[in-house]
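Structure assessment
Here are the chains, one letter per residue:
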Amino acid sequence: MLEKREQDGVVVVEMAHGKVNALDLELLHALIAAFRETPAGVPIVLTGRGRAFCAGVDLQRLISEDAAYAERFIPALSDTFLTVFAHPAPVVAAINGHALAGGCVIAAACDVRLATAGPAQLGVTELVVGVAFPTAAMEILRHALGDAHAARLVYTGQRVSPDEAHRLGLVTDLVDADTPLLQAATTQAAELGRLGQPAYRLAKTQLRRDALDRIARHRTTDDVEVVDIWAAPETMTSIQGYLSDLQARRA
């Protein structure tokens with residue numbers, strides 16, 4: 001489900017869960033634990049195994065469970081976003097493939113986001129599916145992209161290439177195809193780790209303070225509505241329709 005290893009003074013956290021590292025309750029809990037158990041000041045590289053960084057929420061699992069699953073899942077999803085976003089040490093995303101919906105938000109929560117030009121798609125498809133964004137997700141996207149670009153991706157559900165994601169600021173740097181992505185990410189994380197970590201931690205807090213304050217103010221009330229939307233019967237019908245359309249396009 002999740003592999004955690006040390007490499008050149010950096011902790012590499014690799015999602016290895018099914019074909020596309022889809023987010024379910026178990027993977028969320030594993031991600032939270034991996035970050036919280038990493039020693040203070042140690043940089044983290046977050047990546048995925050296979051053809052996807054993370055393709056978002058496991059929608060099949062969601063519709064196969066009862067409403068109580070959604071009631072547990074959304075708080076865990078928000079906690080995961082916030083755990084990555086507020087982690088005090090450097091966090092670098094090695095976006096090895098598709099990063100969609102919640103997977104895109106997790107990537108956006110990292111300090112630095114590296115990708116290689118290619119066929120991968122990045123985007124937030126929640127509104128297309130028919131589900132709402134937790135407050136933490138929306139604030140992370142606004143922080144990474146700015147209001148205008150975040151609004152464009154949120155409202156349209158558009159999937160973009162790594163090149164376009166780089167232009168928008170969703171990807172920080174494009175890595176040359178001749179350089180292994182994980183190597184580049186580990187090198188970047190190690191360089192950030194050599195900076196004075198008390199100063200780095202404070203700078204990170206200062207840069208993210210407005211977003212963190214808004215999350216703290218609005219998460220409790222907003223996410224009650226988010227859970228209601230995700231657990232509603234009409235949402236489950238919308239998700240089923242989305243999955244059916246997706247399957248038909250692949251046939």
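Since this is a predicted model, take the numbers as computed values, not measurements. (Residues numbered from 1 in each chain as written. Predicted model: local features only at pLDDT ≥ 70, side-chain atom pairs only at ≥ 80, totals over all residues. Heavy atoms only, no water.)

Observations regarding a positive patch on the surface
Taken together, the side chains of Lys19, Arg51, Arg159, Arg249 and Arg250 make up a positively charged region of the molecular surface. For Lys19, the position within the fold is in the loop between strand S2 (10-15) and helix H1 (25-36). (Patch = residues over 30% accessible without salt bridge, like charges linked within 9 Å, V, L, I, M, F, W, Y side chains within 5 Å. Areas by Shrake-Rupley, 256 points an atom, 1.4 Å probe, with all protein chains shown as cover. Salt bridge = Lys/Arg side-chain N within 4 Å of Asp/Glu carboxyl O. Lys, Arg positive; Asp, Glu negative; His and termini not counted. Charge placed at Lys NZ, Arg CZ, Asp CG, Glu CD. Helix = DSSP H or I, 4+ residues; strand = E, 2+ residues; numbered from the N terminus.)

Regarding the sheet that holds S2
Judged by pairing direction, the sheet is mixed, and its six strands sit side by side in the order S1-S2-S3-S5-S7-S9 without closing on themselves. Of all the strands in the sheet, just strand S1 (2-7) and strand S9 (173-175) have a single pairing partner and so form its edges. Strand-to-strand, the axes of this sheet are offset by a mean angle of 25°, without reference to chain direction. As paired strands, strand S3 (residues 44-48) and strand S5 (residues 91-95) are joined by four bridges and run parallel to one another. Its bridge partner lying in S5, Leu46 is registered against Ala93. (Pairing = 2+ DSSP bridges. Axes fitted to C-alpha atoms, helices over the stretch in contact; angles between N-to-C directions.)

Some remarks on the pairing of S2
A large share of S2 lies buried, amounting to six of its six residues. Going residue by residue along S2, you find Val10, Val12 and Glu14 tucked away on one face and Val11, Val13 and Met15 tucked away on the opposite face as well. Pairing between S1 and S2: six bridges, direction antiparallel. Opposite Leu2, over in S2, you have Met15 as the bridge partner. With antiparallel pairing between neighbouring strands as the criterion, S1 and S2 make up a hairpin whose turn holds two residues, including Asp8 at a positive phi of roughly 55°. Of the strand pairs in this sheet, S2 and S3 are connected by five bridges, and their pairing is parallel. Looking at the pairing, Val12 lines up with Val45 of S3. Of the crossover connections in this fold, the one passing from S2 over H1 to the parallel S3 is right-handed. (Buried < 20%, exposed > 50% of the residue type's maximum accessible area, 1.4 Å probe, protein only. Right-handed = clockwise from strand over helix to strand, strands pointing away.)

Describing the environment of Ala76
By the secondary structure assignment, Ala76 is in helix H3 (residues 67-85). Owing to a relative accessible area of 5%, Ala76 belongs among the buried residues under this scheme. Those residues in contact with Ala76, other than ones at most four positions away along the chain, are Leu25, Leu28, His29 and Ile32. (Contact = heavy atoms within 4.5 Å.)

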